[in-house]
Amino acid sequence: MRDYYFQMEQLTVGYNGKPLIKNIDINITQGEIVTLIGPNGAGKSTILKTITRQLALIGGNVKFAEKSLPDYSFKELSQKMAVVLTQRIHPELMTCHDVVATGRYPYTGRLGVLNPEDEAIVDEAMRAVHAEDIGSRDFNAISDGQRQRVLLARAICQQPEIIILDEPTSFLDVKHKLELLAILRGMAKEKGITVIMSLHEIDLAMKISDKIVCVKGDHIFRYGEPEEIFEEEMIRDLYDIDNGFFDPRYGSIELSAPTGEPKIMVLSSCGSGIPVYRRLQKQNQPFVAGILYANDVDYQLARLLAAEVITEETFCPISDDTFARAVRRMESCDRVIDAGLVIGETNRRMEDLVRMAKESGKYERLPEK
């Protein structure tokens, strides 16, 4: 039997004794990054608050480091588990250094006096999140992103075995989102610290997580590795998406395709069509894409954004039927945009399509960059 560091066994969570999510069974090994995703209000924060003892267990058990959660004293728990939640804290007359230093309190005496070793740990934690330059500033006078880094440094100071974070990337710009997640990845993979967090950015969750917990309804909707979870239909069902798409190949969210009869045809290959597809979508202009092979990078986006994609079987020459279909579509369009078509042996007949588009006066070749 595999040894798990953290286990939720038939866990039921909720408020005031009223169950919200039932029968949660999740097993986590030490050093894994596990991310909760799901719609707003689904109960992600409720689960995190329960496993950090901010909410009482309604049913089942939480066990980690071979001990049940209720059996830990608060001091023991604070030495093993660090918590960074979304609620704002407003400490009075405390510098950022002071806030980070509170992470050492589980290890100090009653007076909370830090010794030189504690101070060194505080300084190291602030360096780890690149916050050493704001150590002397009033915590209430810094930006939301800086606060988030300071609170992460406080958690690092506790030298925990497990860290729980609720939407840690909220209020952060792109640079600092990536920076924070890189820090968490380093903590997990280099120091063996287990990370359990919730994220709204499913593209980031897909890229950093070892396991994904999908929270929806009164049960766990799905639990598994990112490769199992991040499928187009699965994400659509989890978030009830009816106005766009999730692209699992690139981990991106796409707006829905423009509707209506397409009057533009885009000829492209090898990624040249992608910026054109996006520009036409922004302009709300439906378009036809083709002739594309399913292994072409353009196809992956065209299938989501184009009104129609004319395709040919991979590695095969363009057939008469496929070519005739492309000609019919071209004849029904007012414009034919050559986005930077690359012609080789298998798609040689695209030369004929380009020639016909030029003869009709519809052809537009985009300037090469």
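The coordinates are above.
Per chain, the residues get numbers from 1 upward, laid out in the order the sequence is written. Whole-chain, interface and lining totals are the exception, using all residues; otherwise, since this is a predicted model, local features are given only for residues with pLDDT of at least 70 and side-chain atom pairs are given and counted only at 80 or more. Each side-chain value is worked out from all heavy atoms of the structure, with water and hydrogens disregarded.

Engineer: What is the right way to look at the pairing of strand β11 (residues 244–247) in this model?
Structural biologist: If a strand is regular, its side chains alternate between the two faces of the sheet. What makes two strands pair is DSSP finding at least two bridges between them. Note on conventions: DSSP H or I runs of at least 4 residues are helices, E runs of at least 2 residues are strands, and numbering of each starts at the N terminus. With 4 bridges connecting them, β11 and strand β12 (residues 252–255) associate as antiparallel partners. By the bridge assignment for β12, G244 is matched with L255. The loop that links β11 with its antiparallel partner β12 comprises 4 residues; one of these, G251, has a positive phi angle of about 65°.

Engineer: Is there a simple way to think about the sheet that holds strand β9 (residues 211–216) in this case?
Structural biologist: Sheets are built from strands that pair by backbone hydrogen bonding, the pairs being arranged parallel or antiparallel. What the 6 strands build is an open sheet, ordered β6-β7-β8-β3-β9-β10; its pairing is mixed. For this open sheet the edge positions go to β6 (81–84) and β10 (219–224), each flanked by a neighbour on one side alone. On average, adjacent strands in this sheet sit at an angle of 15° to one another, irrespective of strand direction. Here 4 bridges tie β6 to strand β7 (residues 162–166), and the two strands are oriented parallel to one another. By the bridge assignment for β7, M81 is matched with I162. The sheet strands contacting helix α5 (residues 144–157) are β6 and β7, and the helix crosses β6 at an angle near 170°. Helix axes are fitted only over the stretch in contact, all axes being lines through C-alpha atoms; the angle between N-to-C directions runs from 0 to 180 degrees. By definition, residues are in contact when any of their heavy atoms lie within 4.5 Å.

Engineer: Looking at this structure, how should I read the environment of M94?
Structural biologist: Along the chain, M94 turns up in the loop between β6 and α3 (96–101). Linking M94 and L255, residues 161 residues apart in sequence, is a C-alpha distance of 45 Å.

Engineer: What am I meant to see in the layout of surface pockets here?
Structural biologist: The method is simple in principle: a probe with the dimensions of a water molecule rolls over the atoms, and the space it marks as empty is what remains. In this analysis a 1.4 Å probe is tested at points of a 1 Å grid over the protein atoms alone, and where it fits but cannot get out there is a cavity; an open set with protein on both sides within 12 Å along at least five of seven lines is a pocket; lining residues have an atom within 4 Å of a point. Grid points are joined across faces, edges and corners, and a volume is the space filled by probe spheres set on the points. In this structure, the second largest pocket occupies an estimated 270 Å³ of space. Lining of the second largest pocket is provided by 14 residues; of these, E124, A128, I156, M187 and K191 occupy positions nearest its centre. For the lining of the second largest pocket, the secondary-structure elements that each account for two or more residues are α4 (116–128) and α6 (174–191). Each residue gets one of three labels, nonpolar for Ala, Val, Leu, Ile, Met, Phe, Trp, Tyr, Cys and Pro, charged for Asp, Glu, Lys and Arg, and polar for the others, Gly among them. Class assignment for the residues of the lining of the second largest pocket results in 9 nonpolar, 2 polar and 3 charged.

Engineer: Can you help me understand the side chain of T46 in this one?
Structural biologist: Assignment of secondary structure puts T46 in helix α1 (residues 44–51). With sequence-adjacent residues up to four places away left out, T46 is seen in contact with V13, G14, Y15, L20 and L55.

Engineer: Just to check I follow, could you spell out the nonpolar core for this structure?
Structural biologist: For soluble globular proteins, nonpolar side chains are generally found buried alongside one another. For our purposes a nonpolar core is just a set of buried Ala, Val, Leu, Ile, Met, Phe, Trp, Tyr and Cys residues, chained together by side-chain atoms within 4.5 Å. Accessibility here uses a 1.4 Å probe with only protein chains present; expressed as a share of the type maximum, an area under 20% marks a residue as buried, one over 50% as exposed, and anything in between as partly exposed. Ranked by internal contacts, the top residues of the largest apolar core, which has 51 residues, are I37, L152, I163, M197 and F230. Leaving out residues up to four positions away in the same chain, I163 has contacts with A82, L152, A155, M187, I193, T194, V195 and I196. Counting 27 residues, the second-largest nonpolar core is a separate cluster that includes I24, V34, I51 and L69.

Engineer: Hey, could you run me through the environment of G41 in this one?
Structural biologist: Its place among the elements puts G41 in the loop between β3 (33–37) and α1. We classify G41 as exposed; its relative accessible area is 77%. In this structure the C-alpha to C-alpha distance between G41 and A65, which are 24 residues apart in sequence, comes to 30 Å.

Engineer: Help me out: how do you make sense of the sheet that holds strand β14 (residues 288–293) in this one?
Structural biologist: The strand order across the open sheet formed by 5 strands is β15-β14-β13-β16-β17, and the pairing between neighbours is parallel. Each end of this open sheet is capped by a strand with a single partner; those strands are β15 (308–312) and β17 (363–365). Recorded for the sheet is a direction-independent mean angle of 25° between the axes of neighbouring strands. By the bridge criterion, 3 bridges tie strand β16 (residues 335–338) to β17 in an arrangement that is parallel. Looking across to β17, one finds that I337 is bridged to E364. Along the sheet, helix α10 (residues 274–282) contacts β13 (264–267), β14 and β16; its crossing angle with β13, the most-contacted strand, is approximately 160°. Relative to β15, helix α12 (residues 320–332) is tilted by about 155°, and along the sheet it contacts β13, β14, β15 and β16.

Engineer: Where do I start with the packing of α10 against helix α11 (residues 297–305) in this structure?
Structural biologist: For any two helices packed against each other, the geometry comes down to the angle between their axes and how far apart the axes lie. Viewed as axis vectors pointing N to C, α10 and α11 meet at an angle of 15°, and their least axial separation amounts to 9 Å. Classified by the angle their axes make, α10 and α11 are roughly parallel. As for how α10 packs across α11, the hand of that crossing is left-handed. Residues I274, Y277, R278 and Q281 of α10 form the contact with α11, whose participating residues are V297, D298, L301, A302 and L305. Its residues assigned to classes, the contact of α10 with α11 comprises 6 nonpolar, 1 polar and 2 charged. The cut-offs work like this: below 35 degrees is roughly parallel, past 145 is roughly antiparallel, 65 to 115 is roughly perpendicular, and the gaps in between are oblique. Each crossing gets its handedness from the near helix: less than a right angle anticlockwise from the far helix is left-handed, clockwise is right-handed.

Engineer: I tried to follow the packing of aromatic side chains on my own but got confused; where do I start?
Structural biologist: Aromatic rings considered in pairs are described by the distance between their centres and by the relative angle of their planes. For Phe, Tyr and Trp, rings pair up if their centres lie within 6.5 Å, where Trp contributes its six-membered ring, and each pair is then called stacked (planes under 30 degrees apart), edge-to-face (over 60) or tilted (otherwise). With the rule as written, the count across this model stands at 5 aromatic pairs. With a centroid separation of 5.2 Å and 15° between ring planes, the pair formed by Y277 and F287 is classed as stacked. Of the two residues, Y277 sits in helix α10 while F287 sits in the loop between α10 and β14, which places them 10 residues apart along the sequence. Of the two residues, Y277 and F287, neither departs from the other in class, the shared state being buried. Only lysine NZ and arginine CZ atoms are considered, and such an atom sits over a ring when it is within 6 Å of the ring centre and within 35 degrees of the ring normal. Positioned above the aromatic ring of F74 is the side chain of R53, whose terminal nitrogen or guanidinium carbon lies 4.3 Å from the ring centre.

Engineer: Explain the pattern of salt bridges to me, please; I cannot follow it from the model alone.
Structural biologist: When their charged atoms lie close together, side chains carrying opposite charge are able to pair. The salt bridge criterion pairs a side-chain nitrogen of Lys or Arg with a carboxyl oxygen of Asp or Glu, the two atoms within 4 Å. Inspection of every chain in the model, using the stated rule, returns 23 salt bridges. When the shortest N-O distance is used, the salt bridge between K189 and D210 registers 2.5 Å. One end of the pair, K189, is in helix α6; the other, D210, is in the loop between α7 (202–208) and β9, with 21 residues separating them in the sequence. The partly exposed category is assigned to K189, whose relative accessible area is 46%. For D210, a relative accessible area of 25% corresponds to the partly exposed category. With a shortest N-O distance of 2.7 Å, E254 and R278 are connected by a salt bridge.

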